[in-house]
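Remarks on the overall topology
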Amino acid sequence: MYRRLTGKNRRLTGHTQLWLGPDHLLLVNSSRFVEHYQRFALADIAAIVVTDGPAATVSRFIGAAASVAWTSLALTVASTFAVRFFLLTGVAAIALVLLDILRGPRCRCHLYTAVSRELLTPVSRQRVARAFLAAIGPAIEAVQGTFPPERIAELGRMRGASPLTDPGAEPPHVPPARNYVQEVLFGLLLLDAVFLWIASRWSFSEAPGLLMTFYFAEIVLIVVALVRDARDIRRFSYAILAVALICYAADLVNVGRDAAGWFMQVAQSAQVGGQPPAVFWTPSARQTLFAEAWRCVAGAAGWLAIYAERQTGPAS
Amino acid sequence: MSAPAIRCGACSQVISEARTGPARPPKLAGTLSVSPERGSVVRASSSEEAWNRASGVHCPACRETLHVTVYPAIERSTSGALPEALHTESEASCFYHPQSRAVLPCDECGRFLCRLCELDVGGRHLCPGCFDAGVRERKIEGVETRRTMYDSIALALATLPALMIWPAVFGAPASLYYVMRYWSAPGSLVPRTRFRFYVAGLLALSEIVGMGLLIRLMVLTSASRP
């Protein structure tokens, strides 16, 4: 009775899928143990709008870089178990990124009826959307007939008197809210550079813990800023963010290597019965200088770039 | 009532006619950009120009590409039939709207219904109450909104408790019960095999047999101890 139109769009708690019935489109939303159905009569389908998703180049690059960085941690550890753990999980993460690339660019598909606008979650890739439209189009046209281009042009001319579109009903356009994620991030980088300098000059026991907290805050803000501003990647501040991410990854590798060394020292001291090393992280002078320098440069350059962009461009 | 307004799937901006007036930054302008081919962008004068274009259009707000496919139903009005008022007191009135003239009785309960209350379901005319009851009791075909997947439940009962070993004591019999009780129950609306039922039944049986053997082994071991 039903013909499958799309594959299953799987998620943790179930899947969604589209099927074509004799006179309707069936959207199956499965929560594994219960299936929920939505029917859309072919005669009632007014429009199908497919919106291409963003290129996702940045998010894929971040995903790939993070996966490679995670896998490369296998080179910094000595334990066989740790090597296997990082290799296995890293390869799995890389495979996921590759799978996402192979599935093609994303999209969002909305189905319109006279009284509703429904997101068709199973149509989440442009390739799937093309196949879906090729399958559903003839079925809808068999019920409703075709919509000749002349009629569309006529409707365009009749716009003033036509009830099809009511300009008065259109809500006012609200410009996107201005966010200050980049300002906060670059400020934090400058603050961390100062803190690193203080921690290197006057060593105190709370420094490693505070630095870890700062590092975590930095990566969260970098990722948020990269994702939020991914629509306009040509800006100079965005390039600074990308460079900051690379420098941050280098810092992370250094910290990972130091942490692995600290664990080894703890293990050795436990074996010989000696005193374990008191300080978790003791970076070398070169590492500290690198961490201070890139934070200083990225923070200052970022602030200047944002100031210049705010002066010249529209609010974003 | 007007037809649905076509919106961008990314930012929900209504794709509307071009606006006149002073130029604004492209991101804020409500003008529709039509791209006949990649790389070249021209201005469209109305939303209809966005319809059924193979190359798609750009959203005026977020600049994402949209492919708008419209069908003749977009011209259909959304206003339905309105009930007629009673002309004389001798006329039959609707059970739910005493001020409206009844046009036909419910095929299920016989109540008189006006145009607003009459629901045409597969050729039968039902009142809202009977329709609701029919949906709940699954008496009306083609309007079911949910079904329970008993085969998935049986499979989960056969596998998940067994992962923690001892809960299989309860999981396996429960799974077997589900397999036998719901073997003939209606499954999914869409094609689906009984594969899960077969696997669940076999797993549950093997777990029960395994547990029986384990108990027997434990009894024999304890009996052979001095």
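To keep things clear, this report deals only with the structure shown in the data block. Fair warning: this is a prediction, and the values are worked out from it, not measured in the lab.

Here the focus is the overall build of chain B. Assigned secondary structure in chain B consists of four helices and nine strands. Helices and strands appear in chain B in the N-to-C order β-β-β-β-β-β-β-β-α-β-α-α-α. By the burial criterion, 35% of the 226 residues in chain B qualify as buried. Partitioning the intrachain contacts of chain B with sequence separation of at least 6 by distance along the chain shows that 37% fall at a separation of at least 24. If you sum the accessible surface of chain B, you get close to 13500 Å²; carbon and sulfur atoms cover 60% of it.

With that out of the way, let us pick up unusual backbone geometry. Glycine aside, a negative phi is what most residues show, and trans is what most peptide bonds show. A positive phi angle is found at R32 of chain A, which is not glycine, with a value near 75°. Within the secondary structure layout, R32 of chain A lies in the loop between β4 (24-30) and β5 (34-41). Unusually for a residue other than glycine, I165 of chain B sits at a positive phi of about 60°.

We now examine the pairing of strand β4 (residues 65-70) of chain B. Note that strand β6 (residues 47-52) of chain A and β4 of chain B share five bridges and pair antiparallel. Pairing of A47 of chain A across the sheet is with V70 of chain B, part of β4 of chain B. Pairing geometry for strand β3 (residues 57-58) of chain B and β4 of chain B, over two bridges, is antiparallel. What sits directly across from H58 of chain B, in β4 of chain B, is T65 of chain B. Between the end of β3 of chain B and the start of β4 of chain B, which pair antiparallel, lie six residues, with R63 of chain B showing a positive phi angle near 70°.

All names here are of chain A. Two elements in contact, helix α5 (residues 181-201) and helix α8 (residues 285-312), have axes separated by 8 Å at closest approach and are oriented at 155°. Here α8 runs roughly antiparallel to α5, going by the angle between their axes. By crossing handedness, the relation of α5 to α8 is classed as left-handed. Along the lines of polarity and charge, the residues of the contact of α5 with α8 split into 13 nonpolar, six polar and five charged.

As a further point, take helix α3 (residues 126-144) of chain A. Residues and elements named next belong to chain A. The terminal C-alpha atoms of α3, which comprises 19 residues, lie 25 Å apart, in line with the 27 Å expected from a rise of 1.5 Å per residue. Along its length, α3 reaches its greatest deviation from straightness, about 25°, at I136, and the proline P138 lies no more than four positions downstream. By the burial criterion, the buried members of α3 are Q126, A129, F132, I136, G137, A139, I140 and Q144. Looking at the buried side of α3, the elements it contacts are β3 (14-20), β4, β6 and β7 (107-112). In the segment just after α3, G145 is the residue with positive phi, at about 90°.

Moving on: the packing of aromatic side chains. Remark: the centre distance and the inter-plane angle together describe each pair of aromatic rings, the angle taken between the planes. Within the structure shown, the criterion is met by 13 aromatic pairs over all chains. Between F95 of chain B and Y96 of chain B, the aromatic rings sit 5.1 Å apart at their centres with planes inclined by 85°, giving edge-to-face as the arrangement. You can call Y96 of chain B partly exposed: its relative accessible area is 31%. A ring pair is formed by Y177 of chain B and Y178 of chain B, whose centres lie 5.9 Å apart and whose planes are at 85°; its orientation type is edge-to-face. For Y178 of chain B, a relative accessible area of 23% corresponds to the partly exposed category. Taken together, the aromatic side chains of W70, F81, F85 and F86 of chain A make up a single cluster linked through ring pairs. Residue placement shows R181 of chain B over the ring face of Y182 of chain B; its charged tip is 4.8 Å from the ring centre. Here the basic side chain of R194 of chain B rests over the ring of W183 of chain B, its NZ or CZ set 5.2 Å away from the ring centre.

On to the side chain of R60 of chain A, then. Residue and element names in this part refer to chain A. Topologically, R60 is positioned in helix α1 (residues 57-72). Assessed through its relative accessible area of 18%, R60 is described here as buried. Those residues in contact with R60 that sit more than four places away from it in its chain are A55, V97, D100, I101, G104, P105 and R125.

On to the environment of A92 of chain A. Of note, A92 of chain A is situated in helix α2 (residues 80-102). For A92 of chain A, a relative accessible area of 41% gives the class partly exposed.

Turning next to a positive patch on the surface. Taken together, the side chains of R4, K8, R10, R11 and R32 of chain A present a region of like positive charge at the surface. Here R11 of chain A is to be found in strand β2 (residues 9-11).

With that settled, consider the nonpolar core. All names here are of chain A. Ranked by internal contacts, the top residues of the largest apolar core, which has 28 residues, are L185, F186, L189, I222, L226, L241 and W294. Of all the elements in the fold, those that place two or more residues in this core are α1, α5, α6 (207-228), α7 (236-272) and α8. The greatest single-element share of this core, amounting to eight residues, is contributed by α7. Ignoring any residue separated from it by four or fewer positions in sequence, one finds L226 in contact with V58, I62, Y238, L241, A242 and L245.

Definitions and limits used
- Residues numbered from 1 in each chain as written.
- Chains lettered and ligands numbered in written order.
- Predicted model: local features only at pLDDT ≥ 70, side-chain atom pairs only at ≥ 80, totals over all residues.
- Heavy atoms only, no water.
- Helix = DSSP H or I, 4+ residues; strand = E, 2+ residues; numbered from the N terminus.
- Buried < 20%, exposed > 50% of the residue type's maximum accessible area, 1.4 Å probe, protein only.
- Contact = heavy atoms within 4.5 Å.
- Areas by Shrake-Rupley, 256 points an atom, 1.4 Å probe, with all protein chains shown as cover.
- Pairing = 2+ DSSP bridges.
- Axes fitted to C-alpha atoms, helices over the stretch in contact; angles between N-to-C directions.
- Parallel < 35°, antiparallel > 145°, perpendicular 65-115°, else oblique.
- Left-handed = near helix turned anticlockwise from the far one by under 90°.
- Nonpolar A, V, L, I, M, F, W, Y, C, P; charged D, E, K, R; others polar.
- Expected span 1.5 Å × (residues − 1).
- Bend = angle between axes of the 7 residues up to and from the residue.
- Phe/Tyr/Trp six-rings, centres within 6.5 Å; stacked < 30°, edge-to-face > 60°.
- Lys NZ or Arg CZ within 6 Å of the ring centre and 35° of its normal.
- Patch = residues over 30% accessible without salt bridge, like charges linked within 9 Å, V, L, I, M, F, W, Y side chains within 5 Å.
- Salt bridge = Lys/Arg side-chain N within 4 Å of Asp/Glu carboxyl O.
- Lys, Arg positive; Asp, Glu negative; His and termini not counted.
- Charge placed at Lys NZ, Arg CZ, Asp CG, Glu CD.
- Core = buried A, V, L, I, M, F, W, Y, C linked by side-chain atoms within 4.5 Å.

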